[in-house]
Amino acid sequence: MEEELKCPVCGSLFKEPIILPCSHNVCLACARNIIVQTPEGETPPQNRCSSDYDYLDMDKMSMYSETDSGYGSYTPCLKSPNGVRVFPPALVHRHCSITCPLCHRSVSLEERGLRGFQRNRLLEAIVSRYQQSRAASVKCQLCDRNPVDATVMCEQCDVFYCAPCQQRCHPSRGPLAKHRLLPPAPAQAGTASARRQATCVDHEAENYSMYCVSCQTPVCYQCLEEGKHGKHDVKPLAAMWKQHKCQLSQALNGVSDKAKEAKEFLVQLKNLLQQIQVTKLYVCDGTLTISFLFQTVKDQITHCTMKLRQTTGMMEFCLEVIKENDPSGFLQISDALIKRVLVSQEQWVRSALEPKVCPEFALTVNTDPLMQSILQLDFTQNKVPPAPLLQLEKCCMRNNSATLAWRITTVQALPVEGYVLELDDGNSGLYREVYVGKETICTVDGLHFNSSYNARVKAYNSAGVGAYSKVVVLKTSDVAWFTFDPTSAHRDIVLSNENQTVTCNSYDDRVVLGMAAFSKGVHYWELSVDRYDNHPDPAFGVARINTMKDMMLGKDDKAWAMYVDNNRSWFMHNNSHTNRAEGGITKGSTVGILLDLTKHTLTFFINKQQHGPVAFENLEGVFMPAVSLNRNVQVTLITGLEVPKSIM
């Protein structure tokens, strides 16, 4: 039923839903976003659908193109997370209209604006009850088997944990100590019973007491006294409530019978699909025909399953509506709901419940190739492959990359379909798959520096998965060796000296990143100033891989840098300049960068001496060495350095 409770604009559960004239619903906040202001003198958009109740393929399934969204093109637009185009809210309601995101029907707003639309109280109550039931049975999201009830939720990670998984995967120490752990959201009991009685949209002091059959809407006594419904067929609210409930129940019985037929039909289709699969195993000729039959039945199963799921969700929603003890709220939506159920029943016509492939399909099969294949079969018992042997003489480490090679050793050759290579996390934690395939050699890049990894490999075939090899320990380089990355550099950057020396063709600052990426450990590197003319401001530091490359390092929120001239320096992040320090650089100077991801800090050095205080703190994530410069500067990268002893 959850799809029935989601707004077509934002894709989330409805919040304060209102009923549009076409009987579709949107959140009140979303309605403000799809208001379109019509230029003075122009006619507001007209209806774009032939029926107010065209639910067959529009409900919850609409997709819109960029060129024909149905919203007009008077104002700039954005896209919501649900893919629906939305517009900035209009400031006034005069000359404004709102377009339904499902059926594209447009209606002009009156002076009352969105307050003129009725609030769908029943839908709001059902959403609230659904949220309560879901919160009452939240399960741990990290349990491998048979998840147990969650005891906490991390507000930052948005993950539910049971007590053992929280201790194992989210301990309250290190970087995770700052995360806020909350109990699972408690059920908000009594929400439905606490709802106040509904009042008339036009007369907020009056309760609904009658029902206008002509307008298909609840009304109050004051509506009748003002003569709005004087010549209409008006009946008591309670009597119409009972009548419409009976009509909805009868309609549900009809569509329920169709849903049962659809379930039986799905079983028939699946049996037919299995029959085609068995036939395909024994057919050598005519494979193209059987593949076509197989795909036809498979597509019909997918289509029927989708329709059945939609129908079941609609039926569950209708049952929840019937449970509600709110006569006026029920009558607000009952007419549209009854028509929708009847239309849904018409979908399951006889032709929709008949297979598109005749169960007694016949093929002319040439059995000669099959018999020849049978005579050539070697009926040996299939076994799982043995544990592979890691070939240590071919395994090697380079910087933070590991290359491993292995082979199968057995007297009787057993078929091997592939191998699975696994590494732990560098802290003797859980293993994870890093390669699955047929090759017997693999190189793994991007490991942490100064770390030890455990590696193992296993083989598999159609009989199953074999045993693991012996574990080999891989030790990455203690210090980082790397060069500048030409693939991520700005096009004005000029690299030489095997990508260790950099300058620029432009008078504007351009950014180049290093090849290494750091997320843990302590790392130090230097840049030697080879050329420094006309007192420019090169910047040195670290950045995310997607930092801007056409401006000085540190001007966006994805870089942390120190920019320096011949007299002084500043620290900069997100265009915020701090901690001016005296002392600059000249030709021959060295600038050192110390990235300590144990303490989560970044510190700078000039000519081996710490320059200013610790520049940045609370650094989390993945960082890459970075430099920005113009054509007046040339620097050379020096890596593989140990951390300055004065800091250790």
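The present account deals with the structure reproduced in this document. Computed from a predicted model, the values in this text were never measured in an experiment.

**A word on the overall build of the chain**
Item 1. Per the secondary structure count, the chain includes eight helices and 35 strands.
Item 2. Looking at the chain residue by residue over its 648 residues, the buried ones come to 45%.
Item 3. Looking at the chain alone, contacts between residues at least 24 apart form 63% of all its contacts between residues at least 6 apart.
Item 4. Carbon and sulfur atoms make up 51% of the accessible area of the chain, which amounts to about 35100 Å² in all.

**Thoughts on the sheet that holds strand 9 (residues 159-161)**
Item 1. Read from one edge of the open sheet, three strands run 9-8-10, paired in antiparallel fashion. Edge positions in the sheet fall to strand 9 and strand 10 (181-182), since each of these pairs with one other strand and no more.
Item 2. For strand 8 (residues 152-154) and strand 10, the ladder comprises two bridges, and the chain directions are antiparallel. Across the sheet, residue methionine 153 finds its bridge partner in strand 10, namely leucine 182.

**With respect to the pairing of strand 16 (residues 401-407)**
Item 1. Buried residues dominate strand 16, accounting for six of its seven residues.
Item 2. In the sheet, strand 14 (residues 389-390) pairs with strand 16 via two bridges, with the strands oriented antiparallel. Within strand 16, the position partnered with leucine 390 by the bridge is tryptophan 406.
Item 3. In the sheet, strand 15 (residues 396-398) pairs with strand 16 via three bridges, with the strands oriented antiparallel. Looking at strand 16, one finds that arginine 398 is bridged to serine 401.
Item 4. Taken together, the four bridges between strand 16 and strand 19 (residues 441-444) define a ladder with antiparallel strand orientation.

**Some remarks on unusual backbone geometry**
Item 1. Even without a glycine there, the phi angle at glutamate 16 is positive, about 55°.
Item 2. One can find glutamate 16 in the segment before strand 1 (17-19).
Item 3. In the Ramachandran plot, histidine 104 falls in the positive-phi region, its phi being about 70° despite a non-glycine side chain.
Item 4. Turning to its location among the elements, histidine 104 is positioned in the loop between strand 6 (96-99) and strand 7 (106-108).

**As for the environment of asparagine 579**
Item 1. With respect to the helices, strands and loops of the structure, asparagine 579 is situated in strand 30 (residues 576-582).
Item 2. The exposure class assigned to asparagine 579 is partly exposed, which follows from its relative accessible area of 41%.
Item 3. Separated by 33 residues in sequence, asparagine 579 and glycine 612 place their C-alpha atoms 7.4 Å apart.
Item 4. In this structure, asparagine 579 is in contact with Ser569, Trp570, Phe571 and Pro613, ignoring residues within four places of it in sequence.
Item 5. Only 3.4 Å separates the side chain of asparagine 579 from the side chain of threonine 578, close enough to count as a polar contact.

**Observations regarding helix 7 (residues 327-347)**
Item 1. Over its 21 residues, helix 7 runs 30 Å from end to end, which matches the ideal 30 Å to within 8%, given 1.5 Å per residue.
Item 2. Of all bends in helix 7, the biggest is about 45°, found at serine 334.

**A closer look at the pattern of salt bridges**
Item 1. Overall, the coordinates contain 20 salt bridges when judged by the stated rule.
Item 2. Across the salt bridge formed by glutamate 320 and lysine 323, the nearest N and O atoms sit 3.0 Å from each other. Linking glutamate 320 with lysine 323, this pair stays in helix 6 (residues 287-323), spanning three residues, or about one helical turn.
Item 3. What makes glutamate 320 buried here is its relative accessible area of 16%.
Item 4. A relative accessible area of 59% means that lysine 323 is categorised as exposed.
Item 5. Taking the shortest distance from any N to any O, the salt bridge between aspartate 557 and lysine 558 comes out at 3.3 Å.
Item 6. The class for aspartate 557 is partly exposed, based on a relative accessible area of 41%.
Item 7. Residue classification places lysine 558 among the partly exposed residues on the basis of a relative accessible area of 28%.
Item 8. What emerges from the salt-bridge pattern is a single network uniting Arg129, Glu320, Lys323 and Glu324.

**Observations regarding the side chain of threonine 99**
Item 1. Checked against the element boundaries, threonine 99 lands in strand 6.
Item 2. We classify threonine 99 as buried; its relative accessible area is 1%.
Item 3. A distance of 2.7 Å separates polar atoms of two side chains, one belonging to threonine 99 and the other to serine 106.

**Points about the environment of isoleucine 593**
Item 1. Turning to its location among the elements, isoleucine 593 is positioned in strand 31 (residues 590-596).
Item 2. Judged by its relative accessible area of 0%, isoleucine 593 is buried.
Item 3. Counting along the chain gives 52 residues from isoleucine 593 to glycine 541, while the straight-line C-alpha distance between them is 6.6 Å.

**With respect to the packing of aromatic side chains**
Item 1. If you walk through the whole model with that rule in mind, you get eleven aromatic pairs.
Item 2. Above the plane of the ring of tyrosine 468 lies arginine 456, whose end atom (NZ or CZ) is 3.8 Å from the centre.
Item 3. Of note, arginine 631 hangs over the ring of tyrosine 507, and the distance from its end group to the ring centre comes to 4.8 Å.

**What to know about the sheet that holds strand 29 (residues 568-573)**
Item 1. Read across the sheet, six strands follow the order 25-34-27-28-29-30 without closing on themselves; strand pairing throughout is antiparallel. Every other strand in the sheet has two partners, leaving strand 25 (510-513) and strand 30 as the edge strands with one partner each. Taken over all neighbouring pairs, the strand axes of this sheet differ in orientation by 20° on average, direction set aside.
Item 2. Where strand 27 (residues 539-543) meets strand 28 (residues 559-564), five bridges bridge the pair, whose relative direction is antiparallel. Bridge pairing in strand 28 links alanine 539 to tyrosine 563.

**Some words on the environment of glutamine 250**
Item 1. Within the secondary structure, glutamine 250 is located in helix 5 (residues 237-281).
Item 2. The class for glutamine 250 is exposed, based on a relative accessible area of 52%.

**Some points on the nonpolar core**
Item 1. Formed by 73 residues in total, the largest nonpolar core has its most connected members in Leu5, Ile98, Leu114, Leu248, Leu252, Val321 and Val341.
Item 2. No other element matches the 15 residues that helix 5 contributes to this core.
Item 3. Look past the residues within four positions of leucine 248 in its chain and what remains in contact with it is Cys318, Ile322, Phe330, Leu337, Ile338 and Val341.
Item 4. Core analysis: the next-biggest nonpolar cluster, separate from the first, contains 38 residues, Phe482, Phe518, Val591 and Leu602 among them.

Conventions adopted
- Residues numbered from 1 in each chain as written.
- Predicted model: local features only at pLDDT ≥ 70, side-chain atom pairs only at ≥ 80, totals over all residues.
- Heavy atoms only, no water.
- Helix = DSSP H or I, 4+ residues; strand = E, 2+ residues; numbered from the N terminus.
- Buried < 20%, exposed > 50% of the residue type's maximum accessible area, 1.4 Å probe, protein only.
- Contact = heavy atoms within 4.5 Å.
- Areas by Shrake-Rupley, 256 points an atom, 1.4 Å probe, with all protein chains shown as cover.
- Pairing = 2+ DSSP bridges.
- Polar contact = N/O pair within 3.5 Å; in protein donor to acceptor, adjacent residues only side chain to side chain.
- Expected span 1.5 Å × (residues − 1).
- Bend = angle between axes of the 7 residues up to and from the residue.
- Salt bridge = Lys/Arg side-chain N within 4 Å of Asp/Glu carboxyl O.
- Phe/Tyr/Trp six-rings, centres within 6.5 Å; stacked < 30°, edge-to-face > 60°.
- Lys NZ or Arg CZ within 6 Å of the ring centre and 35° of its normal.
- Axes fitted to C-alpha atoms, helices over the stretch in contact; angles between N-to-C directions.
- Core = buried A, V, L, I, M, F, W, Y, C linked by side-chain atoms within 4.5 Å.

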